[in-house]
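# An overview of the molecular structure
Listed here are the chains, written in short residue letters.
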2 protein chains.
Amino acid sequence: MPQAPLGERLALLTDLYQLTMAACYFDQGMNEEATFSLFIRKYPKNRSYFVAAGLAEVLEYLSTLHFSEDDLAYLESTGLFRTPFLDFLKTLRFSGEVHALPEGSIFFKDEPILEVSAPVIEAQLVETFIINAVNIQTLIASKAARVVQAARGRPLVDFSLRRTQGSDAGLKVARASYLVGFAGTSNVLAGKVYGIPIFGTMAHSYITSFPDEIEAFRVFSKNFPGIATLLIDTYDNIVGARKAARVAKEMEGRGERLRSVRLDSGDIAAISREVRHILDQEGLNYVGILASGGFDEDKITEVLAQGGLIDSFAVGTKMGVAADAPYFDIAYKMVKYAGHPVMKLSTGKVTLVDKKQIWRNFDDAGLMNGDIISLREETLSGATPLLTQVMQNGTPLGPLPTLRESREYFRRQFALLPEAYKALKDPGLYPVRLSRGLAEQEARVEKELYQREMGEA
Amino acid sequence: MPQAPLGERLALLTDLYQLTMAACYFDQGMNEEATFSLFIRKYPKNRSYFVAAGLAEVLEYLSTLHFSEDDLAYLESTGLFRTPFLDFLKTLRFSGEVHALPEGSIFFKDEPILEVSAPVIEAQLVETFIINAVNIQTLIASKAARVVQAARGRPLVDFSLRRTQGSDAGLKVARASYLVGFAGTSNVLAGKVYGIPIFGTMAHSYITSFPDEIEAFRVFSKNFPGIATLLIDTYDNIVGARKAARVAKEMEGRGERLRSVRLDSGDIAAISREVRHILDQEGLNYVGILASGGFDEDKITEVLAQGGLIDSFAVGTKMGVAADAPYFDIAYKMVKYAGHPVMKLSTGKVTLVDKKQIWRNFDDAGLMNGDIISLREETLSGATPLLTQVMQNGTPLGPLPTLRESREYFRRQFALLPEAYKALKDPGLYPVRLSRGLAEQEARVEKELYQREMGEA
């Protein structure tokens with residue numbers, strides 16, 4: 001049974017005020033072009049960069065957005081909206097343009113991840129979905145990049161699905177972690193939907209349902225000789241390791257090779273050394289050790305520092321909910337309406353007005369050494385502009401890069417970010433400044449607004 | 001366009017190992033009845049109870065679970081599975097039984113939220129979805145209950161959608177917060193899907209798109225006189241309050257009443273007193289003050305302690321991701337297979353064997369004063385059993401309570417939980433013990449397993 005397009009399924013996944021404001025604009029005949037900027041206001045603790053992700057879903061939503069008969073019937077049932085406005089919603093489509101950072105880009109606070117320009121009713125209505133879709137993937141990509149860094153080249157697999165915040169997050173975590181270098185995921189649906197490699201081991205319940213542990217190992221290795229990873233901690237890691245070694249020798253007799261054993265509890269660093277010794281004594285130096293159980297960038301760093309002999313990590317909950325920073329202060333703010341730059345002045349939340357561009361500078365070694373946020377119309381010589389137009393008249397401008405291409409793009413960009421900004425604790429603050437054009441525009445608008453709004457009433 | 005049933009759409013939303021283990025069981029002709037328990041292993045900081053939520057989705061999934069042609073084609077494409085197993089999956093349906101806590105129940109660590117008994121392949125395959133579905137709603141219901149408590153009767157509205165971890169979480173947060181007493185949500189789709197009251201105010205962008213603030217207020221109040229809540233902090237709270245008061249007087253002239261004003265930034269307690277004074281001076285004592293911006297149970301407590309004059313709170317991100325505890329140590333563990341109680345012995349993660357029941361005791365005043373976890377077959381006189389059967393042979397046993405009924409159920413149960421366990425900081429530890437039958441069973445199985453598994457290899 002085919003699903004409705006994303007933009008129809010989720011047209012009502014919006015805040016009520018988007019619709020009441022739209023009704024006001026409609027009533028006033030106000031539907032001039034508005035531009036909104038999506039950006040993150042501040043860094044969570046120990047963070048100094050973000051990884052842009054989620055653009056494909058935004059474009060799919062925008063290009064298929066429309067209210068179904070069912071949606072309109074629900075809106076009518078609320079008694080809040082008049083018929084002419086509901087008729088207007090019936091034919092509403094997104095007709096605007098989008099400028100965005102490519103998927104997998106490194107970016108910094110205050111920098112627009114994307115800017116939407118469209119008739120104000122459309123540009124406003126899509127706020128909630130756009131923030132939600134970009135937030136979850138950017139949040140997880142930014143977290144998972146830290147885990148990749150901590151693992152220093154060891155393969156990582158996303159095991160978070162059971163504890164992600166809902167099913168949509170489960171898919172998005174698999175995608176975002178793969179984007180920044182995870183080898184794959186345990187999430188089978190993500191494998192199907194995104195073409196991500198899928199991996200798995202076995203559960204304790206599998207072991208306990210057999211009369212004894214070694215029989216459970218034997219059955220699995222016979223059924224899946226190419227991918228067998230034996231979970232050895234159900235009763236005791238060391239006893240389990242000896243049984244796994246025995247099964248590995250049996251596999252050798254059949255011309256097969258055990259892929260790895262999995263540790264899931266206890267003092268992982270110490271146990272891994274003992275298990276390595278047991279395996280090596282049997283000539284099983286090719287059998288890898290996979291560790292799981294509460295891993296994130298900190299625990300990986302710690303286990304490796306303690307001399308843990310781990311070949312790969314399964315990373316679950318703490319990455320899957322970005323446990324140390326489970327949300328970003330991400331906002332989608334109007335910066336221009338009907339040709340006039342606008343801003344709000346609310347305490348501590350001043351925004352950057354007008355349509356913008358981000359320019360990146362590189363040093364002689366090719367490393368990133370500072371960004372400048374400018375008005376979009378400005379050109380800064382010697383720097384590279386980052387935002388590109390990806391949608392016009394509601395239609396995507398050609399296909400986006402594939403997930404694998406974006407993964408490669410991230411890898412290359414991340415290599416250009418100096419180590420100081422990648423530190424897992426107390427990273428340096430990457431320099432981002434405003435162009436003279438933007439700074440002057442900002443000062444001018446702020447002054448005008450104070451004069452206009454504060455004198456009144 | 002109708003959606004496929006949940007159990008078909010999400011059949012592949014599972015960990016790969018569920019399918020590889022299933023293939024092993026299938027290969028061995030092992031498909032005896034297994035029982036799994038879903039429970040939470042420990043309390044996050046400052047928590048001492050949980051609120052059960054998500055059962056309806058679990059039952060919908062179980063009763064519609066099947067693999068589509070498309071799913072099977074994907075599984076075949078992985079090259080991991082043989083044809084007989086894929087043919088078996090084609091006709092697989094969930095045929096088991098479920099015992100569960102009613103939606104909105106208060107429960108404690110180690111207590112089963114639900115127990116599934118089914119042929120092991122089925123019971124194992126559904127693990128990932130069941131954990132995911134119960135985790136998100138239980139997580140948020142348990143968090144939102146704290147927010148409700150902090151607000152001491154003031155209405156609360158869920159404004160979290162834009163920053164929930166994905167779209168599914170957005171829906172579940174709206175539902176779970178309503179379950180524990182929120183008045184409603186800004187999430188329009190949740191309003192449609194769950195019949196939850198929807199609320200909204202206006203955005204800063206709405207204000208900034210008008211030539212001046214008061215005109216934006218006037219247009220909104222004319223279009224939505226019954227529900228108008230004017231956002232007054234776009235430029236300055238105090239100036240905004242005076243403008244809102246002027247608009248409220250204009251509304252009075254039309255026989256209408258402004259519902260409220262909204263504060264979204266700055267020193268909320270101090271500003272609310274000033275704004276209250278401005279409104280009262282104009283005889284607008286009926287106009288409420290709604291506060292938003294980073295609220296959770298702690299900030300609500302603080303603002304009220306500082307004498308904030310707030311009539312209602314909009315609660316967003318921190319509740320919507322359960323920011324202080326964004327995951328639970330929730331697990332779904334096999335406790336019985338083929339008639340034999342089973343457990344794993346992994347360090348620090350010993351589980352409670354066998355099919356179980358929870359019994360609750362109440363004191364003379366009717367307040368909860370201790371639970372006992374027993375074998376399911378035991379009867380403990382004087383105590384109330386909490387788990388009831390909700391599914392048999394894969395079919396739900398009658399309709400579940402409606403969301404409103406569950407909301408009322410939670411309200412009544414929560415009133416019976418003594419204050420010591422509800423404290424927002426350093427709550428007491430509610431007494432939960434094992435029945436003699438369960439404790440003896442536990443000891444016996446543990447001893448047998450040590451003897452059987454540790455001697456070998």
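Residues numbered from 1 in each chain as written. Chains lettered and ligands numbered in written order. Predicted model: local features only at pLDDT ≥ 70, side-chain atom pairs only at ≥ 80, totals over all residues.

Chain A appears in an unreviewed UniProt entry as Nicotinate phosphoribosyltransferase from Desulfobacca acetoxidans. The heading Sequence similarities (unreviewed entry) in the UniProt record of chain A holds the text "Belongs to the NAPRTase family." Under Function (unreviewed entry), UniProt gives the following word-for-word description of chain A: "Catalyzes the first step in the biosynthesis of NAD from nicotinic acid, the ATP-dependent synthesis of beta-nicotinate D-ribonucleotide from nicotinate and 5-phospho-D-ribose 1-phosphate." (UniProt positions renumbered as here; feature names shortened; annotations may be inferred.)

## Notes on the packing of helix H3 (residues 55–64) of chain B against helix H7 (residues 127–151) of chain B
Residues and elements named next belong to chain B. Viewed as axis vectors pointing N to C, H3 and H7 meet at an angle of 155 degrees, and their least axial separation amounts to 8 Å. Considered as vectors, H3 and H7 are oriented roughly antiparallel to each other. Between H3 and H7 the crossing geometry is right-handed. Here Glu57, Val58 and Tyr61 of H3 lie close against H7, whose contacting residues are Phe129, Ile130, Ala133 and Val134. Looking at the contact of H3 with H7 residue by residue, the classes come out as 6 nonpolar, no polar and 1 charged. (Axes fitted to C-alpha atoms, helices over the stretch in contact; angles between N-to-C directions. Helix = DSSP H or I, 4+ residues; strand = E, 2+ residues; numbered from the N terminus. Parallel < 35°, antiparallel > 145°, perpendicular 65-115°, else oblique. Left-handed = near helix turned anticlockwise from the far one by under 90°. Contact = placed C-beta atoms within 7 Å. Nonpolar A, V, L, I, M, F, W, Y, C, P; charged D, E, K, R; others polar.)

## Here we look at the UniProt feature "domain: Nicotinate phosphoribosyltransferase N-terminal" (unreviewed entry) in chain A
As recorded in UniProt, the feature "domain: Nicotinate phosphoribosyltransferase N-terminal" (unreviewed entry) lies at residues 12–135 of chain A. Annotated as 45% helix and 18% strand, the span residues 12–135 of chain A places its first and last C-alpha atoms 18 Å apart.

## Observations concerning the relation of the copies chain B and chain A
The two copies are related by a screw motion: chain B maps onto chain A through a turn of 180 degrees and a shift of 0.0 Å along the axis, at an RMSD of 0.0 Å. Here the copies are linked by what is in effect a two-fold axis. A shared interface surface links the copies, since 100% of the contact residues of chain B are contact residues in chain A too. (Least-squares fit on C-alpha atoms with pLDDT ≥ 70 in both.)

## As for helix H2 (residues 16–28) of chain B
Each α-helix winds once per 3.6 residues, and so residues spaced three or four apart point in a common direction. Residues and elements named next belong to chain B. Between its terminal C-alpha atoms H2 stretches 19 Å, which fits the 18 Å expected from 13 residues at 1.5 Å a residue. Across the 13 residues that make up H2, a large majority, 10, are buried. For H2, the complete set of buried residues consists of Leu16, Tyr17, Gln18, Leu19, Thr20, Met21, Ala22, Ala23, Cys24 and Tyr25. Two residues or fewer after H2 comes Gly29, characterised by a positive phi angle close to 65 degrees. (Expected span 1.5 Å × (residues − 1). Buried ≥ 20, exposed ≤ 12 C-beta atoms within 10 Å, placed from the backbone.)

## Here we look at the environment of Asn369 of chain A
Position of Asn369 of chain A relative to the elements: it lies in strand S15 (residues 368–375). If near-sequence neighbours (up to four positions away) are discounted, Asn369 of chain A is found in contact with Asn361, Phe362 and Asp363 of chain A.

## Here we look at the pairing of strand S12 (residues 330–337) of chain B
Residues and elements named next belong to chain B. Across the 8 residues that make up S12, a large majority, 7, are buried. Two strands pair when backbone bridges link them, and strand S1 (residues 33–40) and S12 are joined in this way by 7 bridges, in the antiparallel orientation. Bridge pairing in S12 places Thr35 opposite Lys336. When S12 meets strand S13 (residues 340–341), the two strands line up antiparallel, connected through 2 bridges. Note that in S13 the partner of Lys336 across the bridge is Pro341. The hairpin formed by S12 and S13 contains 2 residues between the paired strands, and Ala338 there has a positive phi angle of roughly 50 degrees. (Pairing = 2+ DSSP bridges.)

## Regarding the interface of chain B and chain A
Each partner contributes to the interface: chain B provides 97 residues, whereas chain A provides 97 residues. It is H2 of chain B that provides the largest number of residues to the side of chain B that touches chain A, a total of 9 residues. Looking at the side of chain B that touches chain A, its residues break down into 46 nonpolar, 30 polar and 21 charged.

## Considering the domain arrangement of chain A
Note: interface size is frequently given as the accessible area lost on complex formation between the parts. When its domains are assigned, chain A resolves into domain 1 (6–131 + 332–455) and domain 2 (202–291). Summarising the inter-unit geometry, the C-alpha centres of domain 1 of chain A and domain 2 of chain A are found 49 Å apart. (Domains from an automatic or database assignment.)

## Quick word on the sheet that holds strand S8 (residues 229–231) of chain A
In sheet architecture, strand pairing relies on hydrogen bonds along the backbone and comes in two forms, parallel and antiparallel. Residue and element names in this part refer to chain A. The strand order across the open sheet built from 6 strands is S7-S6-S11-S10-S9-S8, with neighbouring strands paired in parallel fashion. Edge positions in the sheet fall to strand S7 (184–185) and S8, since each of these pairs with one other strand and no more. Pairing geometry for strand S6 (residues 156–158) and strand S11 (residues 312–315), over 3 bridges, is parallel. Directly across from Val157, in S11, lies its bridge partner Ala314.

## Some thoughts on the sheet that holds strand S16 (residues 384–385) of chain B
All names here are of chain B. Pairing is mixed across the open sheet formed by 4 strands, whose spatial order is S16-S14-S15-S19. The strands lining the two open edges of the sheet, one partner per strand, are S16 and strand S19 (432–434). Note that strand S14 (residues 356–362) and S16 share 2 bridges and pair antiparallel. Each residue of the ladder has a partner; that of Trp359, found in S16, is Pro385.

## Section: the UniProt feature "domain: Nicotinate phosphoribosyltransferase C-terminal" (unreviewed entry) in chain A
With numbering aligned to this structure, UniProt lists the feature "domain: Nicotinate phosphoribosyltransferase C-terminal" (unreviewed entry) at residues 383–440 of chain A. When the span residues 383–440 of chain A is considered, its composition is 38% helix and 21% strand, and the gap between its end C-alpha atoms is 20 Å.

## A closer look at the nonpolar core
Within soluble globular proteins, side chains that are nonpolar tend to cluster in buried spots. With 308 residues, the main nonpolar core has Ala144 and Leu230 of chain A together with Ala144, Leu230 and Ala244 of chain B as its most contacted residues. Not counting residues within four places of it along the chain, the set of residues in contact with Ala144 of chain A comprises Ala176, Ser177, Val180, Phe182 and Met319 of chain A. (Core = buried A, V, L, I, M, F, W, Y, C linked by C-beta atoms within 7 Å.)

## Some words on unusual backbone geometry
Residues and elements named next belong to chain A. For Asn46, which is not glycine, the phi torsion reads 65 degrees and is therefore positive. Secondary-structure assignment places Asn46 in the loop between strand S1 (33–40) and strand S2 (50–51). Here the phi dihedral of Asn393 falls at roughly 50 degrees; this positive angle occurs in a residue that is not glycine. Of note, Asn393 is situated in the loop between strand S17 (388–392) and strand S18 (395–396). For Asn393, a count of 11 C-beta atoms within 10 Å translates into the label exposed.

## Thoughts on the pairing of S17 of chain A
All names here are of chain A. Summarising the sheet, strand S3 (residues 97–100) and S17 pair through 3 bridges and their orientation is antiparallel. Paired with Val98 across the bridge in S17 is Met391. Both S17 and S18 contribute to a ladder of 2 bridges, which runs antiparallel. Bridging across to S18, Met391 finds its partner in Pro396. Counted between consecutive antiparallel strands, the loop separating S17 from S18 contains 2 residues, among which Asn393 sits at a positive phi close to 50 degrees.

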